[in-house]
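Here is how the chains run, residue by residue.
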Amino acid sequence: MTRESGQGGALDRQAVLLAAGLADLAVSTLGSAVGTVRGLLRRSDAAELASDAERELAARGRLALDRYAVVPPAHLEVLARHVVARQARNGG
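Draft legend 1. Representation of the pattern of salt bridges in the model. Applying the stated rule across the entire model yields 2 salt bridges. Of the charged contacts in the structure, one is a salt bridge between D52 and R55, with a shortest N-O distance of 2.2 Å. One end of the pair, D52, and the other, R55, are both in helix α2 (residues 46-69), 3 residues apart, so they sit about a helical turn from each other. Among the residues examined, D52 registers a relative accessible area of 32% and is labelled partly exposed. Among the ionic pairs, R81 bridges to E77, the shortest N-O distance being 3.2 Å. Within this pair, R81 and its partner E77 are both found in helix α3 (residues 75-90), separated by 4 residues, close to a single helical turn. By relative accessible area, R81 is classed as exposed at 53%.

Draft legend 2. Looking closely at the environment of D66. Looking at the element boundaries, D66 is found in helix α2. The spacing of D66 and V84 is 18 residues in sequence and 29 Å in space, taken between C-alpha atoms.

Quick notes on the rules
Residues numbered from 1 in each chain as written. Predicted model: local features only at pLDDT ≥ 70, side-chain atom pairs only at ≥ 80, totals over all residues. Heavy atoms only, no water. Salt bridge = Lys/Arg side-chain N within 4 Å of Asp/Glu carboxyl O. Helix = DSSP H or I, 4+ residues; strand = E, 2+ residues; numbered from the N terminus. Buried < 20%, exposed > 50% of the residue type's maximum accessible area, 1.4 Å probe, protein only.

Here it is in C-alpha cells:
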C-alpha cells in the first residue's frame, strides 16, 4: 500500500508542477502582452495599426471558415453524378 500511495503522490506532485508551470507561463505571457499594448497605445499611428489589425483578423477569419466550414460533397453523390454523366455520353 505504501508503494501505491507513493506513486499517487508522485502523480499529484507532477500535476501540481504542471499547473504551476502553466500558471507561470500565463502570467508572463499576459505581462508581455500588456507591455506590447502599452507600446502600441503610445504610437501616433495607433488608429492605422488597429485598422490593419482588424483587416488582418477578418482575412484570417475568412480563411479559417473556408478551411473548416466547406463540406465536401457526399461520396455517393459524386459517384451518382459520374454515372449520370457517363449515361448521357453513351446515349442512354
